[in-house]
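# Chains, contacts and geometry: an overview
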Amino acid sequence: MTGPVALVTGGSRGLGLLIATELVERGFRVAISARNADELTRAADRLGPAARPYTCDVRDRDQVNDLVRRVEADLGPVEVSVHVAGVIQVGPAADVTLDHFDDAIDTMLKGPIHLAWAVLPGMRQRRHGRIGTVASIGGMVSPPHLLPYSTAKFGAVGFSDGLSAELVGTGVTATTLVPGLMRTG
């Protein structure tokens, strides 16, 4: 197979799977990653031969670095990366624990940072690449009962917007995607 390589974290279902589908339809070879190997296999089967599944937990920096190394060894340089992986805990602040914040921040703020820092050296060297971070309207306006989620998404917006400004003139772009409310799964 030929074509540019895209990597989608959180690509086994929901918005991540839809983004991976669009990329395949546009001629990309797509690496999808998620924590659940069974969901990944089903998603890759659905996407067809242009997709390859890779198990990875974006909360773990070493796993993300290894993911990018494996994808590039198998498919070639990552030209597009899109971080979609997410978690959500719903409930009033009185019921939220610090573990909820840790999980949300590690997945939806540190995850995009881990991915960007793993793909950036190669993209900068090639002077070409695109980094997408899926945030949320919850990263622009904090609704009730979603405090850990919104905290992480606000951070993701700040990171992605700041990275975009830092990359001006390098040939690499960073885009912040801010979808509205949706039901995924």
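Each residue is numbered by its place in its chain's sequence as written, counting from 1. The predicted nature of this model means local features are confined to residues of pLDDT at least 70 and side-chain atom pairs, given and counted, to a pLDDT of 80 or more, with totals for whole chains, interfaces and linings taken over all residues. The basis for every side-chain value is the complete set of non-hydrogen atoms in the structure, without hydrogens or water.

## What to know about the overall build of the chain
Counting its regular elements, the chain contains six helices and six strands. Sequence-ordered secondary structure for the chain, helices as α and strands as β, is β-α-β-α-β-α-β-α-α-β-α-β. The quantity called the radius of gyration is restricted to C-alpha atoms. Its globule counterpart is 2.2 Å times the number of residues to the power 0.38. Against the compact-globule benchmark of 16 Å for 185 residues, the chain has a radius of gyration of 16 Å, which places it among compact chains. For the chain, the C-alpha atoms occupy an extent of roughly 50 × 40 × 30 Å along the three principal directions. The buried share of the chain, taken over its 185 residues, is 48%. Contacts are assigned to residue pairs that have any heavy atoms within 4.5 Å of one another. Residue pairs in contact within the chain that sit at least 24 positions apart in sequence constitute 63% of those at least 6 positions apart. Put simply, the chain shows about 9300 Å² of open surface, and 54% of that area lies on carbon and sulfur atoms. Side chains of the chain carry 18 positive and 19 negative charges; the gap between the two charge centres is 5 Å. Strands here are runs of E lasting at least two residues and helices are runs of H or I lasting at least four, both read from the DSSP assignment and numbered beginning at the N terminus. Buried means the residue's accessible area, taken with a 1.4 Å probe over protein chains only, is under 20% of the maximum for its type, while exposed means over 50%, and partly exposed covers the values in between. For the area figures, the Shrake-Rupley method with a 1.4 Å probe applies, and any residue is considered shielded solely by the protein chains shown. None of His or the chain ends enter the tally, which takes Lys and Arg as positive and Asp and Glu as negative. Lys charges are placed at NZ, Arg charges at CZ, Asp charges at CG and Glu charges at CD.

## Describing the side chain of Ser-81
Its place among the elements puts Ser-81 in strand E4 (residues 78-83). A residue is classified by how much of its surface remains accessible, and Ser-81, at 0% relative accessible area, is buried. Ser-81 has contacts with Leu-7, Leu-115, Val-119, Met-123, Arg-130, Ile-131 and Gly-132, leaving out every residue within four places of it along the chain.

## Here's the deal with the pairing of strand E3 (residues 51-55)
Being paired, for any two strands, means DSSP has found at least two bridges between them. Both strand E2 (residues 29-34) and E3 contribute to a ladder of five bridges, which runs parallel. When the bridges of E3 are listed, Val-30 appears paired with Ala-51. Throughout, right-handed denotes a crossover for which the path from the first strand over the helix to the second runs clockwise when the strands point away from the viewer. What joins E2 to E3 is helix H2 (residues 37-47), and the crossover it makes is right-handed.

## Remarks on the packing of aromatic side chains
Classification of ring pairs rests on two measures: the distance between centres of Phe, Tyr or Trp rings, Trp counted by its six-membered ring, which must be within 6.5 Å, and the angle between planes, read as stacked under 30 degrees, edge-to-face over 60 and tilted in between. All chains considered together, the criterion is met by one aromatic pair. A centroid spacing of 6.2 Å and a plane angle of 50° characterise the contact between Trp-117 and Phe-159, whose relative ring orientation is tilted. You can see Trp-117 sitting in helix H5 (residues 110-126) and its partner Phe-159 sitting in helix H6 (residues 147-166), a full 42 residues away along the chain. The class of Trp-117 is exposed, set by a relative accessible area of 53%.

## Some points on the packing of helix H4 (residues 98-108) against H6
Axes, fitted as lines to C-alpha atoms, cover a helix only where it is in contact. Angles between the N-to-C directions of the axes lie from 0 to 180 degrees. Put simply, H4 and H6 touch, their axes get as near as 8 Å, and they point 30° apart. In this view, H4 runs roughly parallel relative to H6, as classed from their interaxial angle. H6 is crossed by H4, and the crossing has right-handed handedness. Here H4 contributes His-100, Phe-101, Ala-104, Ile-105 and Met-108 to the contact with H6, which in turn contributes Leu-147, Pro-148, Tyr-149, Thr-151, Ala-152, Lys-153 and Ala-156. Across the contact of H4 with H6, the residue classes tally to nine nonpolar, two polar and one charged. With respect to orientation, any angle under 35 degrees is reported as roughly parallel, any angle over 145 as roughly antiparallel, any angle of 65 to 115 as roughly perpendicular, and every other angle as oblique. It is the rotation of the near helix from the far one that decides the hand of a crossing: anticlockwise by less than a right angle makes it left-handed, clockwise makes it right-handed. The nonpolar class holds Ala, Val, Leu, Ile, Met, Phe, Trp, Tyr, Cys and Pro. Asp, Glu, Lys and Arg form the charged class, and all remaining residues, Gly among them, are polar.

## Observations concerning a nonpolar patch on the surface
A contiguous nonpolar patch, built from Ile-137, Met-140, Val-141, Val-178 and Leu-181 and spanning about 500 Å² of accessible area, is present on the exposed surface. Inspection of the secondary structure assignment puts Val-141 in the loop between strand E5 (129-134) and H6. Without a salt bridge and with relative accessible area above 30%, a residue can belong to a patch; like charges are then joined within 9 Å and nonpolar side chains (Val, Leu, Ile, Met, Phe, Trp, Tyr) within 5 Å. Here, a salt bridge means any side-chain nitrogen of Lys or Arg that lies within 4 Å of a carboxyl oxygen of Asp or Glu.

## Let's talk about the pattern of salt bridges
Pairs can form between side chains of opposite charge whenever their charged atoms are close. Inspection of the entire model under this criterion finds seven salt bridges. The closest approach of N and O atoms between Arg-26 and Glu-22, which form a salt bridge, is 3.4 Å. Its relative accessible area of 64% is what places Arg-26 among the exposed residues. Residue Asp-74 is joined to Arg-52 by a salt bridge in which the shortest nitrogen-to-oxygen separation is 3.6 Å. Of this pair, Asp-74 sits in helix H3 (residues 61-74) while Arg-52 sits in strand E3; the two residues are 22 residues apart in sequence, bridging distant segments of the chain. Judged by relative accessible area, which is 41%, Asp-74 ranks as partly exposed. Overall, Arg-52 belongs to the partly exposed group, its relative accessible area being 36%. Shared partners join several salt bridges into a network, and the residues in it are Asp-57, Arg-59 and Asp-103.

Function-wise, these values are silent; they only describe arrangement.
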